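Fold and geometry: a report
Each chain is listed here by its residues.
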Amino acid sequence: MKKIGLCFMTGVCFLFSAVAAPACTGIAFSTQDGTHMQARTIEWGGYDLNSKLIILPRGEKNISLTQGGKNGLVWENKYGAVGISVVQDGFIGEGVNEKGLAAGVFYFSGYGSLSPYNAKKAKKSVGDMELVRWMLTSFSTVDEVIKGLKKIEIVPIYPPERGQSAPTGHWRIADASGRSIVLEIENNGQRHIYENTVGVLTNSPSFPWQMTHLNSYVHLLPGPVPAATFGTTKLKAFGMGAGMVGLPGDITPPSRFVRAFFYIQTAPTAPDGHSGMLQAFHILNNFDLPIGIEFAPGQKTSGLPSATQWTTVTDMTQPAFYYRTMYNSQIRKIDLSKINFSEVIYQAVPLDLNPEEIQEISF
């Protein structure tokens, strides 16, 4: 057990301590027919995250891992769920359950700070990287999650180094009603829950700071800018979209937050879930990170084709989970209504069963 825990902690520690930091961009929206959806990317250019498609059946027993080993909270899956893991199969980065509750973890560098692990509270402790799995398999609504969070300790799964807080994430949680919240934990365990009415989440700084920062871009408008005359000089825009001149285009979390906000606010409302799914993937195309941009000049990069390792879209109204990967741009769908979670077994399968096939068209 100690050996398993050591491998577990080493992998995550390396993930968070490497030079290229994980970056994520999340959006949420509704369609004309009342379908509530959310979508996100995950970026990490250091190495392959070994992500897998995870099927979680009802009735499965779980024991959370803590710094003391596999000795944390014990719970049994009330609901079946589907998600994608990161680094370890038990770490669900994004997923949805059969009731339409969706959750995901986003890296919260320099701001996330959990309560130190207390061995006396081990039996009510959930490791931060297992929190998404606990929520998806235990609850059906945001309200239930909020009540449940009061009964557990959320702890880092490995000790901090050099007196610093262990790196962790913040969490986006939404349900079939469309309600979405952000959970952030700072200052050694101080919890904050924010209603996410803008439908966007990235990384650091905190969610309230990101909301305040949006005010810096109040001047941005969709569409063209009319010509204007100043004295005897007539000025006109070079082309379409001039109203958005000044929209930040870099890859920092604040800039991605602003850009994602304006993209979803100006996008036409899709008529239905299928159209919304396609629209979400197109919007998130703007956040794909080419490999290398996260690395300093002269620093060796990995052999990955993209820093954006996978992108997901979740339909929470009629629960379905869509994804594509850096190796295969084909959209794949898991319809949760077609899974019998009472009979299906736990599964952890590769996201890409076959490499992307490029069809050659001859004339």
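All of the points below concern the structure found in this document. (Residues numbered from 1 in each chain as written. Predicted model: local features only at pLDDT ≥ 70, side-chain atom pairs only at ≥ 80, totals over all residues. Heavy atoms only, no water.)

Digging into the sheet that holds strand E19 (residues 332–335)
Applied cut-off: A pair of strands is labelled paired if DSSP reports no fewer than 2 bridges between them. The numbering of helices and of strands both runs from the N terminus, where a helix is a DSSP run of H or I of at least 4 residues and a strand a run of E of at least 2. Any two residues having at least one pair of non-hydrogen atoms within 4.5 Å are treated as being in contact. Fitted lines through C-alpha atoms serve as axes, helices being fitted only where they are in contact, and the angles separating the N-to-C directions of these axes extend from 0 to 180 degrees.
As summarised here, the arrangement of the 6 strands in space is E14-E1-E2-E17-E18-E19, forming an open sheet in which the pairing is antiparallel. Looking at which strands have only one partner, the edges of the open sheet turn out to be strand E14 (200–201) and E19. As judged from the 2 bridges shared by strand E1 (residues 23–30) and E14, these two strands associate in the antiparallel manner. Each bridged residue has a counterpart across the sheet, and for glycine 26 the counterpart in E14 is leucine 201. Sitting on the sheet, helix H5 (residues 253–266) is in contact with E1 and E14, with an inclination near 20° to E1. Strand contacts of helix H6 (residues 273–285): E1, strand E2 (36–43), strand E17 (308–315) and strand E18 (320–325), with the helix running at about 25° to E2, the strand carrying the most contacts.

Some words on the packing of aromatic side chains
The criterion, for reference: Two aromatic rings, drawn from Phe, Tyr or Trp (for Trp, its six-membered ring), form a pair once their centres lie within 6.5 Å of each other, and the interplanar angle then sorts them: stacked below 30 degrees, edge-to-face above 60, tilted otherwise. Relative accessibility decides the category of a residue: with a 1.4 Å probe and only protein chains considered, values under 20% of the type maximum give buried, values over 50% give exposed, and everything between is partly exposed. Consider the ring centre and the ring normal. A charge sits over the ring if Lys NZ or Arg CZ is within 6 Å of that centre and within 35 degrees of that normal.
Using the criterion set out here, one finds 7 aromatic pairs in the structure. Between the aromatic rings of tryptophan 44 and tyrosine 47, the centroid separation amounts to 5.4 Å while the plane-to-plane angle is 85°, which identifies the pairing as edge-to-face. For the pair phenylalanine 261 and phenylalanine 262, a centre-to-centre distance of 5.2 Å together with 85° between the ring planes defines the contact as edge-to-face. Of the two residues, phenylalanine 261 and phenylalanine 262, neither departs from the other in class, the shared state being buried. Joined through ring pairs, the aromatic side chains of Tyr194, Phe207 and Phe257 make up one cluster. The ring of phenylalanine 106 carries arginine 40 above its face, with NZ or CZ at 4.1 Å from the centroid.

Details of the sheet that holds strand E12 (residues 180–186)
Read across the sheet, 8 strands follow the order E13-E12-E11-E8-E7-E6-E3-E20 without closing on themselves; strand pairing throughout is antiparallel. The open sheet has two free edges, formed respectively by strand E13 (190–195) and strand E20 (347–350), since each of these has just one partner strand. Looking at each pair of strands side by side, their axes are set apart by 30° on average, direction ignored. Alignment of strand E3 (residues 52–56) against E20, held across 4 bridges, turns out to be antiparallel. Looking at E20, one finds that isoleucine 54 is bridged to alanine 348.

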